[in-house]
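Fold and geometry: a report
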Amino acid sequence: MTSTVPSDLGGRTVALITLGCARNDVDSEELAGRLAADGWNLVEDPADAEVAVVNTCGFVDAAKKDSIDTLLSAADLKGNGVTRAVVAVGCLAERYGVQLARELPEADAVLGFDHYREIGDRLRTILGGGHVEAHTPSDRRKLLPLTPVARAAAAVSVPGHGDGPDGTFTASAITDLPDGLAPASGPRTLRRRLGGGPSAALKLASGCDRRCSFCAIPSFRGAFLSRRPADILAEARWLAEQGVREVVLVSENSTSYGKDLGDLRLLETLLPQLSAIDALDWIRVSYLQPAELRPSLIDALASTPKVVPYFDLSFQHSAPEVLRRMRRFGDTERFLGLLAAIRERLPQAGARSNFIVGFPGESEADYKELEGFLAQARLDAIGVFGYSDEEGTEASGYDGKVDQDEIDERAARLAELAEELTAQRAAERIGERIEVLVEGVGPEGGERGGRAYEADGGPSGIEGRAAHQGPETDGSVRLVAPAGGAHPAGLRVGALVKAVVVDSDGVDLIAEPV
């Protein structure tokens, strides 16, 4: 996404382009907050900016390619008479540093996470013709103490966690912050919203202590580091003041939240405190590890008011031998048992997961077991990825590599099955009563402003999501007026509408307000 909130400040102009996951969205809003507080003018279109900052993703090959293509497209703007520099930040920049700078001369700078504190100064240096040295990547897990309880006191630069061990923003001389910046008062990481929708990501933690053999994220995101509950609550209140109705709690592993603060059940304490924020309607928890999803946490997710019935579960596979080679736990039977336990508490719960096919050593029998699991799991959303080696991971050195043509064929087969199964799951919901968060009001349901729907000849398209659907990835709900009737008057983006599902279209639902 690009920044959508122009500032009324004078000074130089910058546009932020964000790729990748919701954690990157939060990091971009931190950068936006720092830049706005430092006198930069945020603009929506990179063609209108002196500097285009691309917050890259470095997770898998397709994401890396997308990041490179976006940087090259931004670099093409430098002949327009306005855009003078293109800067890479984010995971790809952090992961590859000097290598990326050397191989992509079209980028004027490659800045790692340690540059975020002085991002405004770095951009001014670049525009002034100066050079900012790209960092030399290192394993960021080694920057934090091995003992989890000691990590909160470590002075390490981690996006979304402030500048130091106390979580403060050190530019304390700034006393007159522009409108739309967090915090209004108090020492917290600055953040500025870059979108106006009713949903916003809220970072619980950064990094990961798990050692999945296929994943390089811990090496460039670092060891697991929880944010303090007080900081999360303060930011949630600020988001609610900005018109946010739904907060989506994100991290690399939300089920580990609090372990480095000495309380593994801290999320179970935090959820009721978030629920007590009056202006919030929905609380969604993402990125749950099945092996860590303890019964008490399921109870908290099921019983806390405003926490939506939604389980974003990181299964990755279901064949036990493949999971062991992935350095993960579980199997088909255990995963089905977990889903059954969730649905016993919350019959209408939504469940989604991602899966890797063609992992080294995956046999046709392993693949068939995964197909069988999906046929029984009744997941609402399924992501399918073909395995690819990632530098620095254990799996990149494994034997038993599956031929690329076979990986592609299995991924295509599983994606086709997933499309069929998720469409069936959506069809099962016909007749259910749901609550819909309105995200678009307009002729095609895509106008995401605050414009009201008027029943007498107003916009005909109203789009949103049900509680079991996560933002952007899990399908949507189209609200239609009952036959011979009309929508309720005054529907706006951010409204919650009770409805009944009357039809489905793939993973999407069609519902009538009740």
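Below or above, wherever it landed, is the structure these notes cover. Keep in mind that this is a model prediction, so the values were computed, not measured.

Right, let's talk about the sheet that holds strand β5 (residues 109–110) for a bit. Read from one edge of the open sheet, five strands run β2-β1-β3-β4-β5, paired in parallel fashion. A single partner strand is all that each edge strand has here, and the edge strands are β2 (41–42) and β5. Here strand β4 (residues 85–90) runs beside β5; their pairing, made up of two bridges, is parallel. Its bridge partner lying in β5, Ala88 is registered against Val110. Here helix α1 (residues 22–37) sits on the sheet in contact with β1 (13–18), β2, β3 (51–56) and β4, set at roughly 170 degrees to β1.

All right, on to the pairing of strand β12 (residues 282–285) then. With burial as the criterion, each face of β12 is covered, one bearing Trp282 and Arg284 and the other bearing Ile283 and Val285. Pairing between strand β11 (residues 246–250) and β12: four bridges, direction parallel. By the bridge assignment, Val247 is partnered in β12 with Ile283. With respect to chirality, the unit in which β11 leads through helix α8 (residues 266–275) into the neighbouring parallel β12 is right-handed.

Enumeration according to the criterion identifies 47 salt bridges in this entry. The partner of Arg227 in a salt bridge is Glu235, and the shortest N-O contact between them spans 2.9 Å. In this structure Arg227 comes out as buried when scored by relative accessible area, which is 5%. Here Arg413 makes a salt bridge to Glu364, at a shortest N to O gap of 3.1 Å. Placement of Arg413 in helix α13 (residues 404–428) and of Glu364 in helix α12 (residues 364–377) is noted, with a sequence separation of 49 residues between them. Overall, Arg413 belongs to the partly exposed group, its relative accessible area being 22%. Its relative accessible area of 32% is what places Glu364 among the partly exposed residues. It is possible to trace a salt-bridge network through shared partners that takes in Glu362, Glu364, Glu406, Glu409, Arg410 and Arg413.

Reading around the barrel, the five strands line up as β16-β17-β18-β20-β19 and close back on themselves, with mixed pairing between neighbours. Ignoring which end each strand starts from, the neighbouring axes of this sheet average 50 degrees apart. Pairing between strand β18 (residues 477–479) and strand β20 (residues 508–513): three bridges, direction parallel. When the sheet's bridge partners are listed, Val477 is paired in β20 with Leu509.

Taking 1.5 Å of rise per residue, the 13 residues of helix α7 (residues 229–241) would be expected to cover 18 Å, and the 18 Å separating its terminal C-alpha atoms lies within 8% of that figure. For α7, the full list of buried residues reads Asp231, Ile232, Leu233, Glu235, Ala236, Trp238, Leu239 and Ala240. Downstream of α7 by a residue or two, Gly243 has a phi angle that is positive, lying close to 95 degrees.

Turning to the environment of Ala153, a few remarks are in order. Position of Ala153 among the secondary structure elements: in the loop between α5 (119–127) and β6 (181–182). Residue classification places Ala153 among the exposed positions, given a relative accessible area of 60%. Sequence separation between Ala153 and Leu261 is 108 residues, and the spatial gap between their C-alpha atoms is 10.0 Å.

Look at helix α9 (residues 295–303) against helix α11 (residues 332–345): their axes get within 10 Å of each other, and the N-to-C directions meet at 35 degrees. As for how α9 packs across α11, the hand of that crossing is right-handed. Here Ile298, Asp299, Ala302 and Ser303 of α9 lie close against α11, whose contacting residues are Leu338, Ile342 and Arg345. When its residues are assigned to classes, the contact of α9 with α11 shows four nonpolar, one polar and two charged.

It is worth spelling out the packing of aromatic side chains at this point. The final tally for this structure, using the stated rule, is nine aromatic pairs. One aromatic cluster is present, formed by Phe214, Phe359, Tyr387 and Tyr398 through successive ring pairs. Over the aromatic face of Tyr287 sits the side chain of Arg23, whose NZ or CZ is 4.3 Å from the ring centroid. Over the ring of Tyr398 we find Arg325, and its NZ or CZ is 4.8 Å from the ring centre.

Conventions adopted
- Residues numbered from 1 in each chain as written.
- Predicted model: local features only at pLDDT ≥ 70, side-chain atom pairs only at ≥ 80, totals over all residues.
- Heavy atoms only, no water.
- Pairing = 2+ DSSP bridges.
- Helix = DSSP H or I, 4+ residues; strand = E, 2+ residues; numbered from the N terminus.
- Contact = heavy atoms within 4.5 Å.
- Axes fitted to C-alpha atoms, helices over the stretch in contact; angles between N-to-C directions.
- Buried < 20%, exposed > 50% of the residue type's maximum accessible area, 1.4 Å probe, protein only.
- Right-handed = clockwise from strand over helix to strand, strands pointing away.
- Salt bridge = Lys/Arg side-chain N within 4 Å of Asp/Glu carboxyl O.
- Expected span 1.5 Å × (residues − 1).
- Left-handed = near helix turned anticlockwise from the far one by under 90°.
- Nonpolar A, V, L, I, M, F, W, Y, C, P; charged D, E, K, R; others polar.
- Phe/Tyr/Trp six-rings, centres within 6.5 Å; stacked < 30°, edge-to-face > 60°.
- Lys NZ or Arg CZ within 6 Å of the ring centre and 35° of its normal.

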